[in-house]
Amino acid sequence: MRTRFYNARILTMKAAAPDVFQGEVYVENEKIIYVGDGKGVEMCRGHFDREIDCKGNLLMPGFKDAHTHSAMTMLRSNADDLPLSDWLNHQVFPYEAKLTPEDIYALSKLAVLEYLTSGITAAMEMYLTPETIAQAFSEMGMRLVEVGGVNNFSQSPELLEDWYQKLNGKDPLISMQLGFHAEYTCSEELIEKIADLAKKYQAPVYVHVAETADEVEGCKERYGMTPVAFLAKKGIFDYGGAGYHCVHTTPADWEIMKEKHIDVVTNPGSNTKLASGIAPLSDYLRMGIPVALGTDGPASNNALDMFREMFLATGLGKLRENNAAAVPFYEVLKMATVNGSHVMRLPDTDVLAPGKLADMIMIDLHQPNMQPLNNIAANVVYSGSKENVIMTMVAGRILYDRFDGRMNFHIGEDPEKIYADCNAIKTRIVGRS
Ligand SMILES: [Zn+2]
């Protein structure tokens, strides 16, 4: 299958500064085979299965949602306006205990629909049953990086290792990384076992870190040090990895993060709604600590919308520093694309270039919020919206488009059936129809 995109504006995200040019992109099967001005490549003409006139719209790499809990779609708008600890202990854990693997399969599908409408082409997921989540993503053609969510109450290092072996290397859309929920939900012994797995597989580890001030204080009481320092001391990050949130970190933590290659996945929407705090993104950028962007789950955000995350990342970053120059838009665009690919260990999805995977989106510039075309990349971050996403392609397959103005999903299933399945699960477990 060969597809030609012509009459496009192209933002490859390869350059250090925004660089949009007019040209063409050719895709063969799951890969990009050409990005350029389209001149001097006439020999390719006539050999395409599909030719798409981009009408001057923007092609760019898809967004990478580097931290989410997809199946928490069940609890969207069911447990709002509560502090994190009340929310988790009284509204989340009791309902999650009733979920079956099949429920999680169906609820994950709802999230995938929303990712596609937001231009997200890969998600880094932490939830209860990795195998049924992988099935949902794979069937829909969506890219997934699973992360273990081991804690004192569910999953185990043994299960994590089993999944790590089973889910890697089989389906090109699916991979798995080591991980656990958080320091405050895991015993010291459990954390040591995860560190042993990191050593055994020389693999990075992913975990919620320093999300709230209470979490940091609790860790200091238990172990006499911050979560970053404690987990690093235990060897969790001997092969790198990332911390989800990293809101309440200290300058000493930043030194450890830099030395151990602990990347940050910031979740400004969730941190705002749960009043967890504002992550020190300016300090991470200044220190050269890579930052990626995630939505967190749809029960704590409640949207899976990378445009909202991008605006919050830059807006909150500026507010925190009282400086409008802090956390500039192109850094945020890198967080949402290139950095996400690298944090998720998906290096072939980072930029638009020959040989890279065709995980690509089209942004409609023929809408008032994207005009005039002063600075298209700045428009994407500051005035852009998921309404501007008119195509989401994963591994060379168009999974979602709005070429005719309507929402067209090409995922082998009617979205209305997915909505009905999810509402039936919600009614069974949470109540209220
Ligand atoms: Zn989370």
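Look a little higher up for the structure.
J.: Hey, could you go over the overall build of the protein chain for me, with residue numbers and the actual values?
T.: For the protein chain, the count of helices and strands is 14 helices and 17 strands. Its C-alpha radius of gyration of 21 Å places the protein chain within 12% of the 22 Å reference for a compact globule of 433 residues. Dimensions of the protein chain, computed from the C-alpha atoms along their principal axes, are close to 65 × 45 × 40 Å. Evaluated residue by residue, the protein chain yields a buried proportion of 62% over its 433 residues. Sequence separation of 24 or more characterises 72% of the internal contacts of the protein chain that already satisfy a separation of 6 or more. Within the structure as shown, the protein chain displays about 16500 Å² of accessible surface, and the carbon and sulfur contribution to it stands at 51%. Seen as two clouds, the 41 positive and the 57 negative side-chain charges of the protein chain have centres 3 Å apart.

J.: Please give an account of the side chain of lysine 386 that cites residues and values.
T.: Residue placement: lysine 386 occurs in the loop between helix 13 (376–382) and strand 15 (389–394). Summary of buried charges: lysine 386 has no salt-bridge partner, and the nearest side chain of opposite charge, glutamate 114, is 4.2 Å away. Excluding its chain neighbours within four sequence positions, the residues that come into contact with lysine 386 are Glu114, Thr117, Ser118, Leu304, Asp305, Phe307 and Arg402.

J.: Got a sec to walk through helix 2 (residues 101–117)? Specific residues and values, please.
T.: Given 3.6 residues per turn, any residue in an α-helix points the same way as the ones three and four places further on. Here helix 2 is 17 residues long and its end C-alpha atoms lie 25 Å apart, about the 24 Å a rise of 1.5 Å per residue gives. Counting buried positions along helix 2 gives 15 out of 17 residues, so the element sits mostly inside the fold. Among the residues trailing helix 2, glycine 119 stands out with phi positive, at a value near 75°.

Conventions used here
Residues numbered from 1 in each chain as written. Predicted model: local features only at pLDDT ≥ 70, side-chain atom pairs only at ≥ 80, totals over all residues. Heavy atoms only, no water. Helix = DSSP H or I, 4+ residues; strand = E, 2+ residues; numbered from the N terminus. Rg over C-alpha atoms; globule rule 2.2 N^0.38 Å. Buried < 20%, exposed > 50% of the residue type's maximum accessible area, 1.4 Å probe, protein only. Contact = heavy atoms within 4.5 Å. Areas by Shrake-Rupley, 256 points an atom, 1.4 Å probe, with all protein chains shown as cover. Lys, Arg positive; Asp, Glu negative; His and termini not counted. Charge placed at Lys NZ, Arg CZ, Asp CG, Glu CD. Salt bridge = Lys/Arg side-chain N within 4 Å of Asp/Glu carboxyl O. Expected span 1.5 Å × (residues − 1).

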